Amino acid sequence: MNWDDTTDTGADAERLVGAVADREDQAVEAALRPKDLGEFIGQEKVREQLDLVLRAARARGATADHVLLSGAPGLGKTTLSMIIAAEMGAPIRITSGPAIQHAGDLAAILSSLQEGEVLFLDEIHRMSRPAEEMLYMAMEDYRVDVIVGKGPGATAIPLELPPFTLVGATTRAGLLPPPLRDRFGFTAHMEFYEPRELERVVHRSANLLDVEIDPAGAAEIAGRSRGTPRIANRLLRRVRDYAQVKADGLITREIAHAALAVYEVDERGLDRLDRAVLEALLKLFGGGPVGLSTLAVAVGEERETVEEVAEPFLVREGLLARTPRGRVATPAAWAHLGLTAPRGTGSGQQDLFGA
């Protein structure tokens, strides 16, 4: 059970298969989070490397190096930050990049840190530039310069900081400036989970939630979870509700299948929006290529919703391709919807490489 606390008020936050956390997710995740690296499921390489970093720091009696965690929402960045604090026996302070709009906001947080404390900065790439520049000095020299006064009479007062560990989390590592990335002693990229790992996540969560589930039921939920533990746990809760109302409470493959059919999540994890995009692309435009704006109008959604919410998963699943001439369906998309590609179109394959 590895999730992040990233919240969003956009379309993705309203979807059952959305990876950002809503209020219900946050409440449940607090009880389900693993407390140490031994309980953390998946991300084997990251766990092994991070364990070495933390053990070495404890052996030296030093503060752990600054840590940068990147990856999609819901994979465990917030959970790992809490585990880092627990493993180091230190308190943790949690904030986010969008909440730090001025250098003074960051200075107030940094000046109140205790020695060895862990500062978790979510969505670090969205921090303001002045605060970012102040963070450089804080991370490297454990010092910040506080500006007092304005204009020619302004003076910089150096403020010494106690050693601390910054854990930065980002869903878009490419937006971080190189000087900031270089100041992290350990960086790790969180990968999507394999179905077997998600089955373990589902079993563990079911046990903590006192839900009866058999292996086939756990496998059914895991297979529709888009490689994301947060989604797996959300689907588990909805299937639990169905099992309690429509059956005897035990989650089997049949119960999970029936429950997720009610919630319109198919066997590959596609929901109503995903299928609407594919159906429009295939049925209205013959598999493409078609422009993003035209596709968005066809499904009755905003352009940004289609591009940022639906397309990333469809591309990752190999169901849709982005080309210079527009969006193109792959043969897998036709097969998934049980449709036959028109003769002579090649399912848009001539456009996959911009030809």
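**Student:** Can you walk me through helix H12 (residues 292-299) in this structure?
**Tutor:** Owing to its 3.6 residues per turn, the α-helix aligns residues three or four sequence positions apart on the same side. Every buried residue belonging to H12 is among Leu292, Leu295, Ala296 and Val299, and all of these are buried. Down the axis, H12 shows its buried residues gathered within 100° of arc, on one side only. Of the surrounding elements, those touching the buried residues of H12 are helix H11 (272-284), helix H13 (303-316) and strand S9 (326-329). Count one or two residues on from H12 and you reach Gly300, which has phi positive near 70°.

**Student:** Explanation requested: the sheet that holds strand S2 (residues 92-96) in the structure shown.
**Tutor:** The strands that make up a sheet are held in pairs by hydrogen bonds between backbone atoms, and each pair lies either parallel or antiparallel. Strand order across the open sheet formed by five strands is S2-S3-S6-S1-S7, with parallel pairing between neighbours. At either margin of the open sheet sits one strand with a lone partner, and together these are S2 and strand S7 (186-189). In this sheet, adjacent strand axes meet at a mean angle of 15° when their direction is disregarded. Bridging between strand S1 (residues 67-70) and S7 involves four bridges; their strand directions are parallel. By the bridge assignment for S7, Leu68 is matched with Thr187. Lying on the sheet, helix H2 (residues 44-60) is in contact with S1 and S7; it crosses S7 at an angle near 165°.

**Student:** Which parts of the structure should I look at to understand the pattern of salt bridges?
**Tutor:** Close approach of charged atoms allows side chains of opposite charge to pair. If you walk through the whole model with that rule in mind, you get 18 salt bridges. Between Glu220 and Arg253 there is a salt bridge; the shortest N-O distance is 2.9 Å. Here Arg253 lies in helix H10 (residues 253-262) and Glu220 lies in helix H8 (residues 215-223), a separation of 33 residues in the sequence. Among the residues examined, Arg253 registers a relative accessible area of 37% and is labelled partly exposed.

**Student:** Explanation requested: the nonpolar core in the structure shown.
**Tutor:** As a rule of thumb, nonpolar side chains are buried together in soluble globular proteins. Core analysis: the largest hydrophobic core is formed by 47 residues, its most contacted members being Leu50, Leu80, Ile213, Ile221, Val239 and Ile251. The element contributing the most residues to this core is helix H9 (residues 229-246), with seven residues. Among residues more than four places away in sequence, those in contact with Val239 are Ile221, Ile251, Ile255, Ala256, Ala259 and Leu260. Ranked by size, the runner-up nonpolar core spans 25 residues in total, among them Leu106, Ile109, Leu113 and Leu161.

**Student:** How do you make sense of unusual backbone geometry when you look at a structure like this?
**Tutor:** What you tend to see is this: most non-glycine residues have negative phi, and most peptide bonds are trans. Positioned with a positive phi, Tyr142 is a non-glycine residue whose angle comes to about 50°. Within the fold, Tyr142 resides in the loop between helix H5 (129-141) and strand S4 (143-148). The exposure class assigned to Tyr142 is partly exposed, which follows from its relative accessible area of 23%.

**Student:** Would you mind going over the environment of Thr330 with me for this structure?
**Tutor:** In this structure, Thr330 sits in the loop between S9 and helix H14 (331-336). Accessibility expressed as a relative area gives 11% for Thr330, which makes it buried. Here the side chain of Thr330 touches Gly318 through a polar contact of 2.5 Å, landing on its backbone oxygen.

**Student:** Is there a simple way to think about H11 in this case?
**Tutor:** Between its first and last C-alpha, H11 extends 17 Å over 13 residues, near the 18 Å set by a 1.5 Å rise per residue. Within H11, the full set of buried residues consists of Leu273, Asp274, Arg275, Ala276, Val277, Leu278, Ala280, Leu281 and Leu282. Lining the buried residues of H11 we find H12, H13, strand S8 (320-323), S9 and H14. A positive backbone phi angle near 60° is found at Gly286, which sits one or two residues after H11.

**Student:** Hey, could you run me through the side chain of Ser70 in this one?
**Tutor:** Mapping Ser70 onto the fold places it in strand S1. You can call Ser70 buried: its relative accessible area is 9%. Within polar-contact distance, the side chain of Ser70 engages the side chain of His189 at 3.1 Å. Those residues in contact with Ser70 that lie beyond four places of it in its chain are Lys77, Thr170, Ala173, Ala188, His189 and Met190.

**Student:** Any chance you could explain the pairing of S1 here in plain terms?
**Tutor:** Each regular strand carries side chains that alternate between the two faces of the sheet. On S1, burial covers both faces: Val67 and Leu69 on one face and Leu68 and Ser70 on the other are all buried. Two elements, S1 and strand S6 (residues 165-170), share four bridges in a ladder whose sense is parallel. Residue pairing across strands places Ser70 opposite Thr170, the latter belonging to S6.

What counts, and where the lines are drawn
- What you see as residue numbers is a count from 1 along each chain, following the sequence as written.
- In keeping with the predicted nature of the model, local features appear solely for residues at pLDDT of at least 70, side-chain atom pairs appear and are counted solely at 80 or more, and the whole-chain, interface and lining totals rest on all residues.
- Side-chain measures were taken over the full set of non-hydrogen atoms in the model, leaving aside hydrogen atoms and water.
- Three exposure classes are used, based on accessible area relative to the maximum for each residue type with a 1.4 Å probe and protein chains only: buried under 20%, partly exposed in between, and exposed over 50%.
- A helix here means a DSSP run of H or I that spans at least four residues, while a strand means a run of E at least two residues long, and both kinds are numbered starting from the N terminus.
- The directions from the helix axis to the C-beta atoms form the arc being described.
- Every residue pair with non-hydrogen atoms within 4.5 Å of one another is taken to be in contact.
- For two strands to be treated as a pair, DSSP must find no fewer than two bridges joining them.
- To get an axis, fit a line to the C-alpha atoms, keeping to the stretch in contact for a helix; angles then go from 0 to 180 degrees between the N-to-C directions.
- Whenever Lys or Arg places a side-chain nitrogen within 4 Å of a carboxyl oxygen from Asp or Glu, that contact is recorded as a salt bridge.
- Side-chain atoms within 4.5 Å link the members of a nonpolar core, which is a set of buried Ala, Val, Leu, Ile, Met, Phe, Trp, Tyr and Cys residues.
- Polar contact is defined as a pair of N or O atoms within 3.5 Å, subject to the rule that within protein one atom must be able to donate a hydrogen and the other to accept it, and that residues adjacent in sequence are counted only when both atoms are side-chain atoms.
- Expected helix span is computed as 1.5 Å times (number of residues minus one).

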